[in-house]
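# Structure assessment
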Amino acid sequence: MSKSPATREFARRERPLSPHLTIYRPPITMTMSIIHRITGGALYFGTLLVAVWLMAAASSQATFDWVNWAFGTWLGRLILFGYTWALMHHMLGGVRHLVWDTGAGLEKHTASKIAWATLVGSVLLTLLIWIAGYMARGA
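Rules behind the numbers
- Residues numbered from 1 in each chain as written.
- Predicted model: local features only at pLDDT ≥ 70, side-chain atom pairs only at ≥ 80, totals over all residues.
- Heavy atoms only, no water.
- pLDDT = per-residue confidence, 0-100.
- Helix = DSSP H or I, 4+ residues; strand = E, 2+ residues; numbered from the N terminus.
- Phe/Tyr/Trp six-rings, centres within 6.5 Å; stacked < 30°, edge-to-face > 60°.
- UniProt positions renumbered as here; feature names shortened; annotations may be inferred.
- Contact = heavy atoms within 4.5 Å.
- Polar contact = N/O pair within 3.5 Å; in protein donor to acceptor, adjacent residues only side chain to side chain.
- Expected span 1.5 Å × (residues − 1).
- Buried < 20%, exposed > 50% of the residue type's maximum accessible area, 1.4 Å probe, protein only.
- Axes fitted to C-alpha atoms, helices over the stretch in contact; angles between N-to-C directions.
- Parallel < 35°, antiparallel > 145°, perpendicular 65-115°, else oblique.
- Nonpolar A, V, L, I, M, F, W, Y, C, P; charged D, E, K, R; others polar.
- 1 Å grid on protein atoms, 1.4 Å probe; cavity = no way out; pocket = protein on both sides within 12 Å on 5 of 7 lines; lining within 4 Å.
- Points joined across faces, edges and corners; volume = space filled by probe spheres on them.

Moving on to the confidence of the model for the chain. On average, the chain scores 89 in pLDDT, and the residues at 70 or more come to 83%. No element of the chain has a lower mean pLDDT than helix H1 (residues 5-12), at 58, and none a higher one than helix H3 (residues 61-72), at 97.

This is how it looks when you write it as structure tokens:
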């Protein structure tokens, strides 16, 4: 290390700490990117549930009734609701990335608006799908 007074003064100053989660607020685009990856993984699990339902439908009436019962419980419906949201969120995230691939919407402010629209849109589409399903079931 240099013996110069300027260097010693600089070395004595406190260095900034790396940003920590308690200090750093992740931007919405980063959060949506992480959630997009998580929902992609969750879709593997949900697709297995669809496969189980299809196999039950192809096997016997008793098996199909049992799977329908399991999916009809509050836990089954919660899982299916989450699967629906993951599917809608992942789809809209894919559309967001498709738009970005064209070079549009890459400005910071626009990208943030699109990210919020992805989140709001996925929640609204999920609710619309489930409301339509309950209305069709009751009709």
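Moving on, we come to the packing of aromatic side chains. Evaluation of the coordinates by the stated rule reveals four aromatic pairs. Seen from their ring centres, tryptophan 130 and tyrosine 134 are 6.2 Å apart, and the 45 degrees between their planes marks the pair as tilted. Linking tryptophan 130 with tyrosine 134, this pair stays in helix H5 (residues 108-138), spanning four residues, or about one helical turn. Following the ring pairs from residue to residue traces out a cluster consisting of Phe81, Trp130 and Tyr134.

The UniProt record marks His90 with the feature "binding site: heme" (unreviewed entry), using the residue numbering of this structure. The residue histidine 90 is located in helix H4 (residues 74-101) in this model. Every residue in contact with histidine 90, bar those within four places of it in the chain, is listed here: His36, Thr39, Gly40 and Leu43. For histidine 90, the side chain forms a polar contact with the side chain of threonine 39, separated by 3.1 Å.

So, about H5. The end-to-end C-alpha separation of H5 is 45 Å, in line with the 45 Å expected for 31 residues at 1.5 Å each. For H5, the set of buried residues is Ala111, Ala115, Thr118, Gly121, Ser122, Thr126 and Trp130. For H5, the elements touching its buried residues are helix H2 (28-59) and H4.

Turning our attention to the packing of H2 against H3. At their nearest, the axes of H2 and H3 sit 7 Å apart, and the two run at 150 degrees to each other. Comparing the axis directions of H2 and H3 gives the class roughly antiparallel. Contacts between H2 and H3 pair Leu49, Val52, Trp53, Ala56, Ala57 and Ser59 from the former with Thr63, Phe64, Val67, Asn68 and Phe71 from the latter. Residue classes in the contact of H2 with H3 are distributed as eight nonpolar, three polar and no charged.

Think of a ball as big as a water molecule: rolled over the atoms, this probe shows where empty space is left. In this structure, the largest pocket occupies an estimated 480 Å³ of space. Around the largest pocket, the lining comprises 15 residues; the ones closest to its centre are Phe71, Arg77, Leu80, Trp130 and Arg137. Within the residue set of the lining of the largest pocket, elements represented by two or more residues are H2, H3, H4 and H5. Considered class by class, the residues forming the lining of the largest pocket number nine nonpolar, four polar and two charged.

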